[in-house]
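Each chain, written out:
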Amino acid sequence: MKILTALAAGFFLVLPAPVVAADFPDKTIRLIVPFPPGGPNDIIARVIGQRMSELTRQPVVIDNRGGQGGVLGTEAVAKAKPDGYTIAISSAGALAISPSMEKIAYDPLKDLQAITLVAKVPEMLVVAGGVPANDMNELVALARAQPGKLNFASSGPGSLPHLAGELLKLTAKIDIVHVPYRGAAPAVNDLLGQQVQMVFLDLPIILPHIRSGALRPIAIGAVERAPTASEVPTTAEVGMPDLKAENWYGMVAPAGTPPAIVAALNRIATEAMADKAVREKLASQGAELIGDSPEHFHDFLAREIDKWAKVIKDAGIATDK
């Protein structure tokens, strides 16, 4: 997988050197993961957190706070003391989708301080083995011939796979029915059992089933093809450039964290992501490491919130707002 870091891309070369807190950190950093152990968010946080601990010579303790699709753990960091010692690596769902889907106790742009965009993981559209479609054109034609008959799975209401499916409906102008599951694993199980016909999911989750021939890839919702599945075209290549669906993870702190501490956390995190061993470990998870400035991540987050709010509105998705 092509790995990008702020250092490799030279992102900071055009920026003035930030003022950092020379004595930070001098104690344990709590890194909240708003999901249970074992998922992509948790794996990414543990690999990067371990390297951050080595760089700072201070413990970086992973605190798994699962619940409400990442919202509860993200809320915990928003309410934490803004001293840099409680941070989180949260997901697109909790940071960019939930604000438009449900009532939550934080505003991502006001109650959280962006540190860095950590990683992107492309979503791939796949169909069950029994679906008579080998590419996007055939899938769209099949859906148009059977409006309301084909189902698409997701890992839960308001998840990125859910919104990616809704974006597919809007982009292709097809009528397919959402079937939500409690996580990616049961969604894949029913897809393998042909209880549902298609799904958008993180590439690492479905890659083994593509390799076995149990699931058929249609397109990847990213700008570039994935080296681990280079035979699969991007959505842009199949004529749907607006159908871009990438899961992503970003590091945040409570709003009000001093700028010097934010700069220090950004420096430590991006240095950790530049480490060769970190890159190699996360490449196997299909993660494209980013590492940008707090300002750049803040602007990216604002665009993502607007993007998914429009999809939710245009698709007429019921919300709890």
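Residues numbered from 1 in each chain as written. Predicted model: local features only at pLDDT ≥ 70, side-chain atom pairs only at ≥ 80, totals over all residues. Heavy atoms only, no water.

### Considering the overall build of the protein
What counts is decided by this rule: Strands are runs of DSSP state E lasting at least two residues, helices are runs of H or I lasting at least four, and both sets are numbered from the N terminus onward. Here the globule rule reads 2.2 Å times residues to the power 0.38, and the radius of gyration is calculated from C-alpha atoms. Only protein chains enter the accessibility calculation, which uses a 1.4 Å probe. A residue is then buried if its area is under 20% of the maximum for its type, exposed if over 50%, and partly exposed in between. Contacts: residue pairs with any heavy atoms within 4.5 Å of one another. Residue-level accessible areas treat just the shown protein chains as cover; the underlying method is Shrake-Rupley with a 1.4 Å probe.
Of regular secondary structure, the protein possesses 11 helices and 10 strands. For 321 residues, the compact-globule estimate of 2.2 N^0.38 gives 20 Å, and the C-alpha radius of gyration of the protein, at 20 Å, lies within 12% of that figure. Projected onto its principal axes, the C-alpha coordinates of the protein cover approximately 65 × 40 × 35 Å. Counting all 321 residues of the protein, 54% fall into the buried class. Pairs at least 24 residues apart make up 79% of the contacts formed inside the protein by residues separated by at least 6 positions. For the protein, the computed accessible surface area is about 13600 Å², with 53% contributed by carbon and sulfur atoms.

### A few points about the nonpolar core
As a reminder, the rule being used: By nonpolar core we mean a set of buried residues, namely Ala, Val, Leu, Ile, Met, Phe, Trp, Tyr and Cys, connected to one another through side-chain atoms within 4.5 Å.
Formed by 75 residues in total, the largest nonpolar core has its most connected members in Met 124, Met 136, Leu 168, Met 198 and Trp 248. Here this core gets 8 residues from one element, more than from any other, and that element is strand β4 (residues 112–128). Counting residues in hydrophobic clusters, the runner-up holds 33 residues, among them Ile 48, Val 60, Ala 253 and Leu 265.

### Some details on the side chain of Glu 75
Along the chain, Glu 75 falls in helix α3 (residues 71–78). Residue class for Glu 75 comes out buried when judged on its relative accessible area of 18%. In this structure Glu 75 touches Ala 105 and Tyr 106, once residues within four positions along its chain are discounted.

### Observations concerning helix α7 (residues 184–192)
Rules: Starting at the helix axis, one direction is taken to each C-beta atom, and the arc is that of these directions.
Residues Ala 184, Ala 187, Val 188 and Leu 191 constitute the buried set of α7. All buried residues of α7 lie within an arc of 95 degrees about the axis, which places them on one face of the element. The exposed set on the far side of α7, more than 90 degrees from its buried face, consists of Ala 185 and Asn 189. Residues of α7 that are buried in the fold lie against β4, β5 (151–154), β7 (198–202), α8 (203–212) and β8 (215–220).

### Some words on the pairing of strand β6 (residues 177–180)
The criterion, for reference: We call two strands paired when DSSP finds no fewer than two bridges between them. Seen with its strands pointing away from the viewer, a crossover is right-handed if its path from the first strand over the helix to the second goes clockwise.
Sheet topology note: the β5/β6 ladder contains 4 bridges and is parallel. Its bridge partner lying in β6, Ser 154 is registered against Pro 180. On the question of chirality, the crossover connecting β5 to the parallel β6 by way of helix α6 (residues 160–172) is right-handed.

### Digging into the packing of α7 against α8
Keep this limit in mind: To define axes, lines are fitted to C-alpha atoms, for helices over the stretch in contact only, and angles between the resulting N-to-C directions are given on a 0 to 180 degree scale. Angle categories: roughly parallel below 35 degrees, roughly antiparallel above 145, roughly perpendicular from 65 to 115, and oblique for all the rest. Each crossing gets its handedness from the near helix: less than a right angle anticlockwise from the far helix is left-handed, clockwise is right-handed. Residue type decides the class: Asp, Glu, Lys and Arg count as charged, Ala, Val, Leu, Ile, Met, Phe, Trp, Tyr, Cys and Pro as nonpolar, and the leftover types, Gly among them, as polar.
Contact geometry for α7 and α8: axes closest at 11 Å, N-to-C directions at 25 degrees. Classified by the angle their axes make, α7 and α8 are roughly parallel. Once α7 is placed against α8, the crossing between them reads as right-handed. Counting all contacts with α7, which are made through Ala 184, Val 188 and Leu 192, the residues of α8 involved are Ile 205, Ile 206 and His 209. Taken together, the residues of the contact of α7 with α8 sort by class into 5 nonpolar, 1 polar and no charged.

### Comments concerning the packing of aromatic side chains
Short version of the rule: When two rings of Phe, Tyr or Trp (its six-membered ring) have centres within 6.5 Å they constitute a pair, described as stacked for plane angles under 30 degrees, edge-to-face for angles over 60, and tilted for the intermediate range.
Summed over the entire model, instances satisfying the criterion amount to 3 aromatic pairs. For the pair Phe 24 and Tyr 85, a centre-to-centre distance of 5.0 Å together with 55 degrees between the ring planes defines the contact as tilted. Placement of the pair is Phe 24 in the loop between α1 (6–9) and β1 (29–33) and Tyr 85 in the loop between α3 and β3 (86–91), with a sequence separation of 61 residues. Taken as a pair, Phe 24 and Tyr 85 share a single burial class, namely buried. Centroid distance Trp 248 to Phe 300: 5.2 Å. Interplanar angle 75 degrees. Geometry classified as edge-to-face. Highlighted residues: Trp 248 in strand β9 (residues 246–254) and Phe 300 in helix α11 (residues 294–315), separated in sequence by 52 residues. Grouping aromatic residues by their ring pairs yields a cluster made of Trp 248, Phe 297 and Phe 300.

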